[in-house]
Amino acid sequence: MTTTPAAPVGIGKAAVGALGMLALATGALESVVTPTLPLLQRELDMSPAEGALLSIVLLITGALVTPIAGKFGDRYGGKRVLIRLMAVVSVGGVVSAMAPNLPVLLAGQVLQGAMVGALPLSFIVARKHLPAGASKVAIGVVSGLFVGGGMAGTLSAGPVAEELSRQWMFALPTIAVIVATVSVNWLVPHDPPDRSDEAGVDWPGLVLLSGVLVTLMLVLALAPDIASQPLVLGALVVLLGALVAGWVAVERRAASPMIDLRMLARPVVWKSCVLTFVVCVGTSVAVFLVPQLFAVPIGAYGFGATATEIGFFLLPGAVAASLAGPIAGIGVRRLGSRAVVTTGAVVLVVALITVAAEHSEIWHLVVGKALIALANGLCVTAMMTSIATSVASNETGIASSLVLVTRVVGYAVGSQLSGALLSAGTPPGSDVPAESAFVIGFVVAGAVTALSLLVTRTMRKGVNE
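Please read all numbers here as calculations on a predicted model, not as lab measurements.

Asks: Describe empty space enclosed by the protein, and please don't skip the residues or the numbers.
Replies: Following the criterion strictly, the structure yields one cavity of 30 Å³ or more and no others. What the largest cavity holds in volume is close to 40 Å³. Together, ten residues line the largest cavity, and L19, S122, A126, A138 and V142 are the ones closest to its centre.

Asks: Which residues make up the nonpolar core, and what values do they have?
Replies: Proteins that are soluble and globular tend to have nonpolar side chains buried together. The biggest cluster of nonpolar side chains holds 62 residues, and the ones touching the most others in it are L82, M86 and V184. The element contributing the most residues to this core is helix α1 (residues 13-30), with eight residues. Excluding anything up to four places from it in sequence, L82 contacts L19, L22, A118, L121, S122 and V184. Counting residues in hydrophobic clusters, the runner-up holds 35 residues, among them V279, F294, L348 and L422.

Asks: Could you give an account of the environment of A254, with specific residues and numbers?
Replies: Relative to the helices and strands, A254 resides in the loop between α10 (230-253) and α11 (261-264). Judged by relative accessible area, which is 23%, A254 ranks as partly exposed. As for A254 and G205, which are separated by 49 residues in sequence, their C-alpha atoms are 8.2 Å apart.

Asks: So what about the environment of L323? Which residues, and what values?
Replies: Structurally, L323 can be placed in helix α13 (residues 307-335). For L323, a relative accessible area of 47% gives the class partly exposed. Counting along the chain gives 54 residues from L323 to G377, while the straight-line C-alpha distance between them is 8.2 Å.

Asks: Quick one: what's the story with helix α5 (residues 102-112), residue by residue and with numbers?
Replies: Among the residues of α5, L102, L105, L106, G108, Q109 and Q112 are the ones counted as buried. Buried residues in α5, looked at end-on, bunch into an arc of 160°, giving them a common side. With a side-chain oxygen positioned 3.1 Å from the backbone nitrogen of V104, the residue opening α5 is N101.

Asks: Tell me about the packing of helix α4 (residues 78-98) against helix α6 (residues 118-129), and name the residues and values.
Replies: Running from amino to carboxyl end, α4 crosses α6 at an angle of 155°, the nearest separation of the two axes being 8 Å. Our classification of the angle between α4 and α6 gives roughly antiparallel. Between α4 and α6 the crossing geometry is left-handed. Contact residues: α4 offers G78, K79, V81, L82, L85 and M86, while α6 offers A118, L121, S122, I124 and V125. Residue composition of the contact of α4 with α6, grouped by class: eight nonpolar, two polar and one charged.

About the cut-offs
Residues numbered from 1 in each chain as written. Predicted model: local features only at pLDDT ≥ 70, side-chain atom pairs only at ≥ 80, totals over all residues. Heavy atoms only, no water. 1 Å grid on protein atoms, 1.4 Å probe; cavity = no way out; pocket = protein on both sides within 12 Å on 5 of 7 lines; lining within 4 Å. Points joined across faces, edges and corners; volume = space filled by probe spheres on them. Core = buried A, V, L, I, M, F, W, Y, C linked by side-chain atoms within 4.5 Å. Buried < 20%, exposed > 50% of the residue type's maximum accessible area, 1.4 Å probe, protein only. Helix = DSSP H or I, 4+ residues; strand = E, 2+ residues; numbered from the N terminus. Contact = heavy atoms within 4.5 Å. Arc of directions from axis to C-beta. Polar contact = N/O pair within 3.5 Å; in protein donor to acceptor, adjacent residues only side chain to side chain. Axes fitted to C-alpha atoms, helices over the stretch in contact; angles between N-to-C directions. Parallel < 35°, antiparallel > 145°, perpendicular 65-115°, else oblique. Left-handed = near helix turned anticlockwise from the far one by under 90°. Nonpolar A, V, L, I, M, F, W, Y, C, P; charged D, E, K, R; others polar.

Now the structure itself:
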């Protein structure tokens, strides 16, 4: 005789707001290193190679933790795993704030990387406590606030580090994470666990996936120096291929794989991953290039903006990114994810190409960056909402984790591509890249993003893809 589990307790706006505030705080904590990397390099006496390692270690650990968090959330309950994960993140934030040197700061960033798993866990909670339509809007709100938090962290990190200290740059968002976690624990009821899958953790798959991601990051980091280190880069590419092949073989045979390749073969999943990757590659090029273009000296072709001025110029983009989530959630509910993703992709392509053609005034970049942030938020949120609500409820965490891992890889690829373009476009003996390097970067980003339109044409119309 089958026992029907009791229906979960519904949640109200306060609980959804607590999840949103947690997403906002974690997004801010995730983003503070990138805009302050030169400052950290000076204060901690880091080499450029060490700075590059610091900039990607959180991405790597986040990509590894996310599938585990999603799988455990599906199995044991989203809230239960979320609270424990945020405890680890809070410890990481404290360690980063108190770090006297690079090794300690790296340790703090490794612990903070667990924060990326908060999104799929929040989606699990929303799916289990809200009806289908309301859960789409809630997921959109949470996703949008995470993006908005990232922009807020990017804008505030520099002024906080310069006016207070680098310690407060980590401490303030960590305090916000702790307060939001307490609110979630108080306002959100426990969601029922799903005991249908009690197989152990796929540790061999996790180890191989770790190797794949670490090797991929090394390949991307060394790609601009291929002329000076061709053998090293070639060896890493061969190693990457071997690790991917080994990981695929292990996951296909595992009783409970960390990444279910059968799920990845579903159209809604692989299309969401492809779209997320392409959109994030295009967006991350702009995210990297626009602040660099603001900072180019006035005597060249730039605007000579300071860190504070750059933050002010990027503020409209932060607002647009925070609004994109709720707009996408409502749009998916009423029009379907295909319409929202197509609209976002078209806006993104047009904005990138327009900025490439016209960037002689500050307002050109301000408006272009705002449109890029809005379009990226629409696309990614629609993909997250679609995939989180199109699979079985006990698969929500792992399915959305696939998209988040793809997002991390997309941003890493786009950032490295941007750096390579600027390095190649900088004349010998100069610190200022040629203007054509920026133009090529925006055009390439627009062309890559345009590829997403080929995938959206194959998506089914409607709310659930």
